[in-house]
Amino acid sequence: MNAGLLALLVVVIAAAGFILGRRRSLAIVDGEIIRLHSLPGYYGQSVFLFAAAPALLVMLVWMLAQPAIIDSRVSALIPIESIEEGSSLGLIMSDVRRIADGLDIVVAQGRLSEDQVQNMRADLTDVRDRLADVGVALGSNVKQAVFVAAKEYRQLTGFARLAMSVVVLVLALAGAVFAYAKISPDYRARNVSETAIKSLLILSSTVAILTTVGIVLSLVFETVEFFRLYPAQDFFLSAVWNPQFRGGSDLGILPLLWGTLFVSFIALAFAVPIGMMAAIYLAEYATPAVRSVVKPAIEVLAGIPTIVYGLFALITVGPLLRDYLAQPLGLGSSSSSVLTAGLVMGIMLIPFVSSLSDDVINAVPQAMRDGSYGLGATRSETVRQVILPAALPGIVGAILLAASRAIGETMIVVMGAGAAAKLSLNPFEAMTTITVKIVSQLTGDTEFASPETLVAFALGLSLFIVTLGLNIIALYVVRKYREQYE
Amino acid sequence: MEAVAKDISVATDAFGGNKIEATNVQVYYGDAHAIKDVSVKISERSVTSFIGPSGCGKSTFLRCINRMNDTIDGCRVDGTITLDNEDIYDKRVDPVQLRARVGMVFQKPNPFPKSIYDNVAYGPRIHGMVRGKDETDELVQSSLKRAGLWEEVKDRLLEPGTGLSGGQQQRLCIARAIATRPEVLLMDEPCSALDPIATAIIEELIDELRENFTICIVTHSMQQAARVSQKTAFFHLGKLIEEGPTEEIFTNPRDKKTQDYITGRIG
Amino acid sequence: MSADAATTISLLKPDSRTRRRNAAEARFRSYGIAAIVISVFALVFLLSSVLTNGLSAFTQTFLVMDVTLDAAVLDKSGNRDIEEMKKVTTIGYGTFLQKAVIAELEAKGISTEGVSAAEVGGLLSKEASGQLRDKVLADPGLLGKTIRFETYATGRVDGYFKGRVTMESAALDKNTSPEQLELADRMRAAGLLTVSFNPGFLFGPDASELRPESAGLGIAILGSAYMMILVLVMALPIGVAASIYLEEFAARNRFTDIIEVNIANLAAVPSIVFGILGLALFINFVGLPQSTPVVGALVLTLMTLPTIIIATRASLKSVPPSIREAALGVGASKMQTVFHHVLPLAMPGILTGTIIGMAQALGETAPLLLIGMVAFVRDYPAAPPEGFFDPAAALPVQVYNWTQRADPAFVERASGAIIVLLVFLLIMNIIAIVLRRRFERRW
């Protein structure tokens, strides 16, 4: 029975339970609702919950656990020596799965009976042709060991599926009967259903924690794997980044880190003064009419996806800088460069800096401005000597957040900065960043378990730690700053 | 109105020269007419208090005297206000220069988030009144002394001004205001955020400052007006109803509205 | 002090220091204006660059002509047997079409001087022969008849009409020649070639490197739509439930503190990290298929949740406590209060936040690259729910894909795709603004 249908059945049982439960609650008080502790609907709900929640939960856990368990049992059937050069257990297992799926289709289409499949042998029948007939393409001929594993896989899966259906349906029915039996006028159905809803709410709010845990675990596991294959000190200290398809790569983070910091620095050097001056002008000088036009316009910049900035860097800014600055000055001939990516990223960060600065500037109380004007200070003196110092922690927080954004930005650097890992001071040269290499190492065709692929996780972990650190400091600083004026 | 104004000006002559003269002042916030045709004379080296129910325009009028209203969007001032016979709303007048001569203390103490020293030195520095550290030190010290705060803070001049108590903060703001050596000091309900003891200290201070400054004070408390001011002006619904020596206003008001207000019937 | 009246200078004559200070003031102000001008200029420059590059992607050069489907060539056995007819490959159809075009040119009296027969055939998209073949195989009855056949001209000719390809560049290009382009000019004058709106750009599937003229956004739009549906279905309930708990029920303790910090940090985690999570968790660990809307949606949901939670909490917070007290006061339970009174009142704000979060998700690219959405997909995904598990593209990823291809015709298409993306974002934002305007309550 497939999972969708099973879930639907559980819901149907639960829904029936709802109707029956509601009806029973009314019946036991002869329709006098006032005698019930809760409204009849809540009795229905409690039956629904007892029927659906445990059954669906078990089903979910089962479905998550089943592939791992079956894989480990089946892969034990494949002899190590049958794994060819250039292949891996993972690749063979995916063949096993495809063969098993193919056999399912063959049986479903009635081309072979279940018995015939059981007796089929890969060394006697051309399994590859049979499966190709039903639209399952295999890369090579099937070995007997793999085929046996596939048949075992089919059987185990089939059995597990059946077992799951039975267990889930029994649970659903048992839950429904249990809750139905408990219905009485004193039964606090509303409290039961509300407790259940509240646990759902709590469960939802833990998604944030689970996500963080998921991120950390997936990064850490693969990074540990990477450091097993590639020495950590080489990763952190080597100044060469030169991945090779056939192993023997140099995977030093330093050139990537340098590119990342260089691009981010240019972006911040562009965005921070402009964003802050824009925020100051809008907050302290602009007439309401100007503000009502310019503020949304700057906010539009914030709503534009980064891919658009990437394209802008690639087809407009890059060639422009190359033709009018880099080539005339003899500094480079590449349209993707640190400066291209930095400038475009700077544009992207302007609204970010300006809206954060706007917030902190507006948080400075009007009384502070009055005090300064009252002493005869001009607006600019007030801004520079009173408002900015007062808003400084908030602004520092905003800049840190912007820096974390810049370091983690991907599409603009992928399309604007280039792919060559270099340690150079010339901003007109193409360089590359951590995020660019994460993308290129994980979207290539290299094998997953190789250091060339796994390095992406080490890069990701480094990126995550740096940005997380910046964010935590920034949020802390901003929060302290807010408290000061609340 | 004319007749009344003349009458008053005779009465004010008893307090020396007029520092400030306002004639037919109108203030608009957008379409709202906040101050209606106010004419008043403020005499030198005395304390004039502006009283009246909330929203009567007394604070607005006070803020006209150093053009603080310029900083509010959509505020418009008509009529003339002169300081030493020069129209402060003349096109040639720079409000920045004016405010150095007409200082202001606000309702809530608003020290800058800087050290006590820097708070006081801020005004003189931006106006270029001091050269070098010695001169600044001296001015900071003398201003704090005049504000009666020196003894309390002389050992912690470099600590932030925001760390002081409410009353101390307000005296710091007064020290800050008098550090630019203004001629006129405007005070907008300077004690409304303070406890009675701090209030008493400030009131005493105001009385001392009268020797050197022309002071205008907006207050909600009629007792305070009676205690600190020599002259009182009563505002109601944007109009100046009556002004004169404080004693007269409180003992023998000419207008019925004034009488109603000081006896607590409107407010 | 005021006592020494001698130091008092007239207000009417600003002193030199005040003049200096005012000059500094004017300078500072001009910096502000410069910052605003630069920001607004950047916006205008960005949008105009995308528009000028991309608007032409919505039109395409078509070749329209009457073709007589010669049964002797296309069905050699003559018995209309589909299996037999399939033996004529696209190459066969290609030569057939090439001859048909030459015949048409002769009939119209257009000189083909200096252009070889193969080059005449090369004016057509490589897609053309396949199109004709599909058409014939779908309806063998057409054989022997004369049909009106419309197909794309090759990308080079299209580029020539749009100004991307010039005679000079054509002379250096091995895929086209100036003579070919001159012939295209003559054909356009004769009405054989027309430039018109191309629905295939919006609805067609992607095409290979060599056929930019037939590359379309159909699968990408569908894939993005699938993901948005799933994101809405997953992120809205979870986000609202989490916000209700945190805002209405949670006591301030360690647990809720951890959640709060987590949400704030997740909102600032680089999007590519979510891509890594998707790859490691949903694809490698759970075993969901690569490049599918369901994986994309899961990743985007996790990314969007913080936005929705932050907006929802702000919205719940803005419902005044008096409403809650009123409901509690008549004996409603806390849960009833929230679901009957607070939530409905907060709904407009929640929806606005959700739409804005989804707009962000729609434009997100980097994480989708990592879960395999860069793959070349030519088959439309099936209808939901099965379609959620079929490989698909996504709008922003399609843009990236096209920028990685060599033919400059793809740059035009990438910019065109950006316009489509921006139009969708604009619509979503307008909906959000309208919702806010119409339903926002000021307490």
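All values reported here derive from a predicted model rather than from experimental measurement.

A.B. asks: Can you explain the packing of aromatic side chains? Please cite residues and give values.
C.D. replies: The tally for this structure, following the rule as stated, stands at 24 aromatic pairs over all chains. When the centroid spacing of 4.9 Å and the interplanar angle of 70° are considered together, the rings of Phe235(A) and Phe236(A) count as edge-to-face. A relative accessible area of 40% places Phe236(A) in the partly exposed class. The rings of Phe226(A), Phe227(A), Tyr230(A), Phe235(A) and Phe236(A) are connected pair by pair, giving a single aromatic cluster. A cation over an aromatic ring shows up here: Arg24(A) above the ring of Tyr180(A), its NZ or CZ 5.0 Å from the ring centre. Its end group placed over the ring of Phe161(C), Arg188(C) keeps NZ or CZ at 4.4 Å from the ring centre.

A.B. asks: Provide a residue-level description of the packing of helix 12 (residues 306-329) of chain A against helix 18 (residues 395-403) of chain C, including the pertinent values.
C.D. replies: Working note: a packed helix pair is described by the angle between its axes plus the distance between those axes. Contact pair helix 12 of chain A / helix 18 of chain C: the axes reach a minimum separation of 10 Å and the direction vectors enclose 20°. Taken together, the axes of helix 12 of chain A and helix 18 of chain C lie roughly parallel to each other. The two elements helix 12 of chain A and helix 18 of chain C cross, and the hand of that crossing is left-handed. On helix 18 of chain C, the residues touching Ile307(A), Leu311(A) and Leu314(A) of helix 12 of chain A are Pro396(C), Val399(C), Tyr400(C) and Thr403(C). Tallied by class, residues from the contact of helix 12 of chain A with helix 18 of chain C come to six nonpolar, one polar and no charged.

A.B. asks: Could you give an account of empty space enclosed by the protein, naming the residues involved and the relevant values?
C.D. replies: If a probe the size of a water molecule is rolled over the atoms, the empty space left behind becomes visible. All names here are of chain C. By the definition in use, this model includes one cavity of 30 Å³ or more. In this structure, the largest cavity spans a volume of roughly 50 Å³. The element contributing the most residues to the lining of the largest cavity is helix 14 (residues 293-317), with four residues. Counted by class, the lining of the largest cavity contains eight nonpolar, one polar and no charged residues.

A.B. asks: Pulling in residues and values, what's your account of the confidence of the model for chain C?
C.D. replies: All names here are of chain C. Looking at chain C as a whole, the pLDDT averages 87, with 97% of positions reaching at least 70. Scored below 50 in pLDDT, residues 1-6 makes seven contacts in the model with residues more than four places away or belonging to other chains. Both scores are given for the predicted complex: the pTM is 0.84, the ipTM 0.90.

A.B. asks: Can you explain the side chain of Ser243(C)? Please cite residues and give values.
C.D. replies: Residues and elements named next belong to chain C. In this structure, serine 243 sits in helix 11 (residues 218-249). In terms of polar contacts, serine 243 uses its side chain to reach the backbone carbonyl oxygen of glycine 239, at 2.6 Å. Aside from chain neighbours lying at most four places away, what touches serine 243 is Glu248, Ile308, Ile309, Thr312, Arg313 and Leu316.

A.B. asks: Explain the environment of Met234(C) to me, using residue names and the numbers behind them.
C.D. replies: All names here are of chain C. Summarising the element assignment, methionine 234 is placed in helix 11. Using a relative accessible area of 22% as the deciding quantity, one classes methionine 234 as partly exposed. A C-alpha to C-alpha distance of 51 Å links methionine 234 and lysine 174, two positions 60 residues apart in sequence. Contact partners of methionine 234, with chain neighbours within four places excluded, come to Ala297, Leu298 and Thr301.

A.B. asks: Which residues make up the sheet that holds strand 2 (residues 146-152) of chain C, and what values do they have?
C.D. replies: Residues and elements named next belong to chain C. Taking strand neighbours across the sheet as the criterion, the three strands line up as 2-1-3 in an open arrangement whose pairing is antiparallel. At either margin of the open sheet sits one strand with a lone partner, and together these are strand 2 and strand 3 (193-197). On average, adjacent strands in this sheet sit at an angle of 35° to one another, irrespective of strand direction. Where strand 1 (residues 59-68) lies against strand 3, five bridges are found, and the strand directions are antiparallel. Residue pairing for strand 3: threonine 59 is matched across the bridge by phenylalanine 197. Across the sheet, helix 7 (residues 155-162) is in contact with strand 1 and strand 3; its angle to strand 1 comes to roughly 125°.

A.B. asks: Could you give me a rundown of the pairing of strand 6 (residues 102-105) of chain B, with the residues and numbers involved?
C.D. replies: Residues and elements named next belong to chain B. The alternating pattern of strand 6 places Val102 and Met104 and Gly103 and Val105 on opposite faces, both of which are buried. Two elements, strand 6 and strand 7 (residues 184-188), share four bridges in a ladder whose sense is parallel. Its bridge partner being in strand 7, valine 105 is matched across the sheet by methionine 187.

A.B. asks: Can you break down the interface of chain C and chain A residue by residue, with the values?
C.D. replies: Residue-level contacts link 72 residues of chain C with 77 residues of chain A. Taking both partners together, chain C and chain A bury about 6300 Å²; carbon and sulfur atoms supply 79% of that area. At the junction of chain C and chain A, the tally comes to one salt bridge. Among the salt bridges present, the one from Glu381(A) reaches Arg21(C), with a minimum N-O distance of 2.7 Å. At the boundary of chain C with chain A, the tally comes to 11 residue pairs in polar contact (both at pLDDT 80 or more). Counting residues per element, the side of chain C that touches chain A draws most heavily on helix 1 (residues 16-54) of chain C, at 22 residues. Its residues assigned to classes, the side of chain C that touches chain A shows 55 nonpolar, 14 polar and three charged.

A.B. asks: Would you mind going over the interface of chain A and chain B in detail, with residue names and values included?
C.D. replies: The partner chain B presents 24 residues to the 21 residues of chain A that form the contact. When chain A packs against chain B, close to 1700 Å² is buried across both sides, 62% of that on carbon and sulfur atoms. Put simply, chain A and chain B have one salt bridge between them. The residue Asp370(A) makes a salt bridge to Arg63(B) at a minimum N-O spacing of 4.0 Å. Our count for the chain A to chain B interface comes out at four residue pairs in polar contact (both at pLDDT 80 or more). At the level of elements, helix 11 (288-303), helix 14 (366-374) and helix 15 (379-408) of chain A are the ones that each hand at least two residues to the side of chain A that touches chain B. Counting residues per element, the side of chain A that touches chain B draws most heavily on helix 14 of chain A, which supplies seven residues. Partitioned by chemical class, the residues of the side of chain A that touches chain B number nine nonpolar, eight polar and four charged.

Scoring rules and cut-offs
- Residues numbered from 1 in each chain as written.
- Chains lettered and ligands numbered in written order.
- Predicted model: local features only at pLDDT ≥ 70, side-chain atom pairs only at ≥ 80, totals over all residues.
- Heavy atoms only, no water.
- Phe/Tyr/Trp six-rings, centres within 6.5 Å; stacked < 30°, edge-to-face > 60°.
- Buried < 20%, exposed > 50% of the residue type's maximum accessible area, 1.4 Å probe, protein only.
- Lys NZ or Arg CZ within 6 Å of the ring centre and 35° of its normal.
- Axes fitted to C-alpha atoms, helices over the stretch in contact; angles between N-to-C directions.
- Helix = DSSP H or I, 4+ residues; strand = E, 2+ residues; numbered from the N terminus.
- Parallel < 35°, antiparallel > 145°, perpendicular 65-115°, else oblique.
- Left-handed = near helix turned anticlockwise from the far one by under 90°.
- Contact = heavy atoms within 4.5 Å.
- Nonpolar A, V, L, I, M, F, W, Y, C, P; charged D, E, K, R; others polar.
- 1 Å grid on protein atoms, 1.4 Å probe; cavity = no way out; pocket = protein on both sides within 12 Å on 5 of 7 lines; lining within 4 Å.
- Points joined across faces, edges and corners; volume = space filled by probe spheres on them.
- pLDDT = per-residue confidence, 0-100.
- Polar contact = N/O pair within 3.5 Å; in protein donor to acceptor, adjacent residues only side chain to side chain.
- Pairing = 2+ DSSP bridges.
- Buried area = accessible area lost by both parts, 1.4 Å probe.
- Salt bridge = Lys/Arg side-chain N within 4 Å of Asp/Glu carboxyl O.

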